[in-house]
Amino acid sequence: MTTPSPDQALICSARGCRAPAVFQLRWHNPRLHAPERRKTWLACPAHRASLGDFLDARGFLREVVRLPESPTLES
């Protein structure tokens, strides 16, 4: 995932969705990626389940985590 600049909003990865992302769906395809590699899709609350179900049905989903409140703030 590319790190956005502070003025860029994180947008849901669902096709056609422009809603702010709240979740990271971390996944990997074992036929294409090394075991330690993780790809990331972003999801809004409305698409978290459908994107997660798509990845999980293929055995790709590894974890779902909430995005931090701001990419510029340290916890």
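Here, the structure is the one placed above.
Residues numbered from 1 in each chain as written. Predicted model: local features only at pLDDT ≥ 70, side-chain atom pairs only at ≥ 80, totals over all residues. Heavy atoms only, no water.

Moving on, we get to the environment of L67. Tracing the backbone shows L67 in the segment after strand 3 (61–66). By relative accessible area, L67 is classed as buried at 11%. Taking the C-alpha atoms as reference, L67 lies 9.9 Å from L25; in sequence the two are 42 residues apart. L67 has contacts with L10, A21, V22, F23, Q24 and L42, leaving out every residue within four places of it along the chain. (Helix = DSSP H or I, 4+ residues; strand = E, 2+ residues; numbered from the N terminus. Buried < 20%, exposed > 50% of the residue type's maximum accessible area, 1.4 Å probe, protein only. Contact = heavy atoms within 4.5 Å.)

Inspection of the secondary structure assignment puts Q24 in strand 1 (residues 23–27). On the basis of relative accessibility, which here comes to 10%, the residue Q24 falls in the buried class. For Q24, the side chain forms a polar contact with the side chain of R26, separated by 3.1 Å. What Q24 contacts, discounting residues up to four positions off in sequence, is T40, W41, L42, E63, V64, V65, L67 and P68. (Polar contact = N/O pair within 3.5 Å; in protein donor to acceptor, adjacent residues only side chain to side chain.)

By themselves, these are just geometric observations and shouldn't be taken as functional.
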